[in-house]
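Residue-level structural notes
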Amino acid sequence: MLEAAINGSSNIFSFHECDRRIVWLGVNDKFNQLIISTEEGRFDDLREEGQSHFLYTLTSSDHYDVKFVELLSDVREDDALTLVSTIELKNENHTRFFSFLTWYGDDLVAVAHSERDNIVKIDGKTGKINIFVVREIKQLIDKLKYVEALKEMKKHRIDMNMLVDYKPDVFLEHMGDLIHSAKDPDLINLLIAALNNSCSEWCDGPVISNKVNRITDLLANEVLSLPSDRRMQMFVVALSALLKSTPQRVQEALRLVRENTNELPIEKREIYSRKWLHHVGFFVKEAELFDAALSTYDLHLTAQVAEASNRDPKEYIPLLNELRKVEPECYRKYRIDMVREDWR
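As recorded in an unreviewed UniProt entry, the chain goes by the name ELP1 alpha-solenoid domain-containing protein, listed as coming from Strongylus vulgaris.

The structure is reproduced here in structure tokens:
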């Protein structure tokens, strides 16, 4: 890690090795100081001779809010971003103002401008600064680079609802772009898992009515409309979407598992069926899932569900064997309804 010293003209003129990990580098224009912060929450002023002078340590607090006040300059070169902006650092005890010099490249060193007030929170106990790249993510969303935006949100642990809530009308119109460009279904599953009917803290606009059900329905339809090979690759996204909705669409998910399994070569059916049913089991309680499987009247699928759920064979094998013997089919369905206590 490098330590920098600054002269009277506010130019960095020398670098020195430093045994502390620097997480923040800032410029205080008022006193012509170059300030660093370490992971321990210690703030030092770097002098011309390259020596650091202790200023203060952040006091214990639930969190510190960093509020954007004014952007003084914005210089971009390739994928690097350099900004000088006035920042207000505040907790319940005191308020401090700084103009911070920040960089954004492969790693974010400090915070860029955001329209929101609270753009950073600092753990008051450790002094470690958790930096959110909201501005950069919104720019990715503006460019319809949804996959890249999700990756940044995952990396920086930002609520993925922002992808939907930032410009909801645009997202609804271009949701197909997200599915068609995504290579990793787990990334879309993270978005689905994060969905809620509230507005993201980074957005101010109105929330989509019945947001979760509407988004999950559209995502499922987009996946199911894909060509066969891509649909198989992204199929767990459709399952996640159906099971995230309220109420859960368990029977529909099981029906789709059966239909898509039957499209596969015989030698692959067992592998994919187990994989998909195991995925469904993450969302649905064992007893409810077994009941939903019975409601499809497909006893082979029901056995697969029970096995994937690690259900005790003594509980379901005798029952399924008995039901298989029942003829004709309409009477078997009646018996299944009786077992399920479905009197409709």
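From N to C terminus, the chain includes 14 helices and 11 strands. Long-range contacts, defined as pairs at least 24 residues apart, comprise 53% of the intrachain contacts of the chain with a sequence gap of at least 6.

So, about the pattern of salt bridges. A full pass over the atoms with the stated rule returns 17 salt bridges. Taking the shortest distance from any N to any O, the salt bridge between Lys211 and Asp165 comes out at 3.0 Å. Linking Lys211 in helix H7 (residues 211-224) with Asp165 in helix H3 (residues 161-165), this pair joins segments that are 46 residues apart in sequence. Per residue, the accessibility class of Lys211 equals that of Asp165, and both read buried. With its nearest N and O atoms 3.8 Å apart, the salt bridge here joins Lys333 to Glu329. Within this pair, Lys333 and its partner Glu329 are both found in helix H14 (residues 329-339), separated by four residues, close to a single helical turn. Classification of Lys333 by relative accessible area gives partly exposed; the value is 32%. Since its relative accessible area comes to 48%, Glu329 is described here as partly exposed. Each of Asp217, Arg249, Glu252, Arg255 and Glu259 takes part in salt bridges that share partners, so that together they form one network.

The subject of this paragraph is the packing of helix H8 (residues 228-244) against helix H10 (residues 266-281). At a minimum axis distance of 10 Å, the contact between H8 and H10 shows a crossing angle of 25 degrees. Considering their axes alone, H8 and H10 lie roughly parallel with respect to each other. Both H8 and H10 take part in a crossing whose hand is right-handed. Two secondary-structure elements touch here, H8 through Met232, Phe235, Val236, Leu239, Ser240 and Leu243 and H10 through Trp276, His279 and Val280.

When we look at burial in H14, the residues that qualify are Arg332, Ile336 and Asp337. Axial view of H14: buried residues confined to an arc of 145 degrees, hence all on one face. Looking at the packing, one finds that the buried side of H14 touches helix H11 (286-295), helix H12 (299-308) and helix H13 (313-324). Directly beyond the C-terminal end of H14, a positive phi value near 60 degrees is found at Glu341.

A few words on the confidence of the model for the chain. Summing up the model confidence of the chain, the mean pLDDT is 76 and the portion of residues at 70 or higher is 67%. For the chain, per-element mean pLDDT is lowest for strand S1 (residues 2-6), which scores 32, and highest for H7, which scores 97. Low pLDDT, under 50, characterises residues 77-84; the stretch is placed with 35 contacts to residues that sit more than four places away or in other chains. Ignoring residues within four places in sequence, the model shows residues 97-132, a span with pLDDT below 50, making 132 contacts including any to other chains.

Within the element layout of this structure, Ser240 appears in helix H8. Look at Ser240 and you get buried, because its relative accessible area is 1%.

In this fold, Met153 is placed in helix H2 (residues 146-156). Since its relative accessible area comes to 1%, Met153 is described here as buried. Met153 sits 16 residues away from Ile137 along the chain, and the two C-alpha atoms are 7.5 Å apart.

Thresholds applied
- Residues numbered from 1 in each chain as written.
- Predicted model: local features only at pLDDT ≥ 70, side-chain atom pairs only at ≥ 80, totals over all residues.
- Heavy atoms only, no water.
- Helix = DSSP H or I, 4+ residues; strand = E, 2+ residues; numbered from the N terminus.
- Contact = heavy atoms within 4.5 Å.
- Salt bridge = Lys/Arg side-chain N within 4 Å of Asp/Glu carboxyl O.
- Buried < 20%, exposed > 50% of the residue type's maximum accessible area, 1.4 Å probe, protein only.
- Axes fitted to C-alpha atoms, helices over the stretch in contact; angles between N-to-C directions.
- Parallel < 35°, antiparallel > 145°, perpendicular 65-115°, else oblique.
- Left-handed = near helix turned anticlockwise from the far one by under 90°.
- Arc of directions from axis to C-beta.
- pLDDT = per-residue confidence, 0-100.

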